[in-house]
Amino acid sequence: MKAVMRFGAVFAATLTLLWLLLFLTAKLPNEALRQNYEKSVWHYADQAVYESQNGGKLNAIKDNYADAIWLNVAWHMGQGGSLVTHYYNGETLGENAGLYRSVFENAAPNTDYTRYWHGTALFIRLLHLFTDVQGIKTIGFLTFLLLAGFTLVLLGRRHLDLAVLLTLSLCAVQIWNIRLSMEYQPAFLVAFLLLPAALLLERRGDIWLELLSVIGGVSVAFFDFLTTETVTLLLPLAVVIAVRGKEERLGTRKETLFLLVRCGILWLVSYGGTFLVKWAAVSLLARENAIASAVDFASVRMLGGTADDPYNSPAHFFSCILANLTVLFGGTARVQVGRVVLGLSLTTVVLLSVWYLFRKKEPSPALVPLLGLGSLVFLRFLVLNNHSYVHEFFVYRALVSTIFSVLGAVWLSLKRNRRRL
């Protein structure tokens, strides 16, 4: 009961603080934001919905569609509040035109969008006092670089090798491309706020990892647009498991499993609970069943796809995995099986060769936990099947947790990993 109360208090405190900040920024008058908001509107005036910045590669797509909606929702928060959220969709002219008409013509919102918290609107509104959307994306990316740099220095002080593996993992998912869209940044910002905290606190006991899982679940549900939410749980846990495995203080397999299960359950309950609080609050405030409509939309994201739109309809259940691996290996089309087979084959040959030549007699106790954590990303792809397929150009970055887990599992299985690096 004490544990439940402790976790419940952290959940409530985190969500209350975040919503209060969102509520306060929604009270900023739109006229105070107008000058920079108009610059943001013109930024999207002549841009396509999706634009590739690197020769058609899907891993370098700029998502103007999502960012225009986010700006639109944030603008209308100044007129209607932070809980019941709407935006004007531009009707036949599209979301960019909808943003233009909202800001310049005061168009009334016509599209309900209450299923998310839209927490990033907090920063969108606040920063528009000083800059436009280009500045906001730059500030977000520079903040990520500072957080990632601090994490790597903190990790590298004791384990330079693991810091290198984390850097390689980030490079593998082209992390520099999160600068292209606001949508890509929140999950990684939350993850790299939690990562150094996990490294600093994990020696004081597992309870701190559990509390961080609660904070991570709440925060990513509040700020994220359903992009790479698992990175806020899996990457901190994978790094901690790798550190403990290397320092030979991982504990028994049973203890490690129970820790990961507890953290996973706490994160899931906090993540789902944050959405339920939003839907329940909207239902009470607007006197309509927001939960039913949100669940209906979620079912589409899990199993959806329309027969009259074959490009957005997975060919089979595992198409979402193939699509994300295609993007990881530099694909230019939604699914390129040959590219995936070649990429996986080369990677497997290299890793297995290194493992075979330099392996220790006894496998590292971190091997199974790391591989287990890494595999959960694919489970997420399968559960949110349609979403993972349609939005593979940013969802694939969740594979950073898988890549680090695999690299860490191989590295900790080598004889030379005992050297202090």
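Our subject is the structure that appears above.
**Description of the overall build of the protein**
For the protein, the count of helices and strands is 18 helices and four strands. Taking 421 residues into account, the globule formula puts the C-alpha radius of gyration at 22 Å, and the protein, at 22 Å, falls close to it. Referenced to the eigenvectors of the C-alpha coordinate spread, the extents of the protein come out at roughly 70 × 55 × 40 Å. Looking at the protein as a whole, 54% of its 421 residues qualify as buried. Long-range pairs, those at least 24 residues apart, make up 78% of the contacts in the protein with a sequence separation of at least 6.

**Overview of the nonpolar core**
Grouped together as the largest cluster of nonpolar side chains are 125 residues, with contacts concentrated most on Tyr-37, Phe-144, Phe-192 and Leu-235. The element that contributes the greatest number of residues to this core is helix α10 (residues 231-246), accounting for eleven residues. When neighbours within four sequence positions are excluded, Leu-235 is seen to be in contact with Leu-166, Phe-192, Leu-195, Thr-230, Val-400, Ser-401 and Phe-404.

**Some details on the packing of aromatic side chains**
According to the stated counting rule, one finds 25 aromatic pairs in the structure shown. Ring geometry for Tyr-100 versus Phe-104: centroids 4.7 Å apart, planes at 25°, classification stacked. Placement of both Tyr-100 and Phe-104 in helix α4 (residues 95-104) is noted, with a separation of four residues, approximately one turn of the helix. Look at Tyr-100 and you get partly exposed, because its relative accessible area is 29%.

**Quick look at the pattern of salt bridges**
Tallying each qualifying case throughout the model produces 13 salt bridges. A salt bridge links Arg-34 to Glu-31; the shortest N-O distance between them is 2.9 Å. In this pair, Arg-34 and Glu-31 are both assigned in helix α2 (residues 30-43), three residues apart and thus about one turn of the helix distant. Its salt-bridge partner being Arg-244, residue Glu-202 comes within 2.7 Å of it at the nearest N-O pair. Remark: Arg-244 occurs in helix α10 and Glu-202 occurs in the loop between α8 (186-201) and α9 (206-223); sequence separation between them is 42 residues. For the pair formed by Glu-202 and Arg-244, the shared burial category is buried. A single salt-bridge network, built from bridges that share partners, covers Glu-202, Arg-203, Asp-206, Glu-210, Arg-244, Glu-247, Arg-249 and Arg-262.

**A few points about unusual backbone geometry**
Even without glycine at this site, Glu-91 takes up a positive phi of about 55°. Take Glu-91: it is sitting in the loop between β3 (86-87) and α4. Given the relative accessible area of 53%, Glu-91 is considered exposed. In the Ramachandran plot, His-118 falls in the positive-phi region, its phi being about 60° despite a non-glycine side chain. Here His-118 is to be found in the loop between β4 (111-112) and α5 (121-127).

**Some thoughts on a nonpolar patch on the surface**
A grouping of Leu-257, Phe-258, Val-261, Ile-265 and Val-269 is seen on the molecular surface, where their side chains present a nonpolar patch of about 460 Å² in accessible area. Note that Ile-265 resides in helix α11 (residues 253-286).

**So, the packing of helix α15 (residues 367-383) against helix α18 (residues 399-411)**
Two numbers describe how α15 lies on α18: the axes approach to 8 Å, and their chain directions differ by 160°. Our classification of the angle between α15 and α18 gives roughly antiparallel. The crossing of α15 and α18 is left-handed. For the pair formed by α15 and α18, the contact residues are Leu-367, Leu-370, Leu-371, Leu-373, Gly-374, Val-377, Phe-378 and Phe-381 on the first element and Leu-399, Ser-401, Thr-402, Ser-405, Val-406, Gly-408 and Ala-409 on the second.

**Considering the environment of Asn-72**
For Asn-72, the location among the structural elements is in helix α3 (residues 64-80). Under the relative-accessibility criterion, Asn-72 is labelled buried at 1%. Measuring from C-alpha to C-alpha, the distance between Asn-72 and Val-103 comes to 8.3 Å, with 31 residues separating the pair along the chain. Those residues in contact with Asn-72, other than ones at most four positions away along the chain, are His-86, Tyr-87, Tyr-88, Glu-95, Gly-98, Leu-99 and Ser-102.

Reading guide: rules and limits
Residues numbered from 1 in each chain as written. Predicted model: local features only at pLDDT ≥ 70, side-chain atom pairs only at ≥ 80, totals over all residues. Heavy atoms only, no water. Helix = DSSP H or I, 4+ residues; strand = E, 2+ residues; numbered from the N terminus. Rg over C-alpha atoms; globule rule 2.2 N^0.38 Å. Buried < 20%, exposed > 50% of the residue type's maximum accessible area, 1.4 Å probe, protein only. Contact = heavy atoms within 4.5 Å. Core = buried A, V, L, I, M, F, W, Y, C linked by side-chain atoms within 4.5 Å. Phe/Tyr/Trp six-rings, centres within 6.5 Å; stacked < 30°, edge-to-face > 60°. Salt bridge = Lys/Arg side-chain N within 4 Å of Asp/Glu carboxyl O. Patch = residues over 30% accessible without salt bridge, like charges linked within 9 Å, V, L, I, M, F, W, Y side chains within 5 Å. Areas by Shrake-Rupley, 256 points an atom, 1.4 Å probe, with all protein chains shown as cover. Axes fitted to C-alpha atoms, helices over the stretch in contact; angles between N-to-C directions. Parallel < 35°, antiparallel > 145°, perpendicular 65-115°, else oblique. Left-handed = near helix turned anticlockwise from the far one by under 90°.

Coordinates in, geometry out; function isn't part of it.
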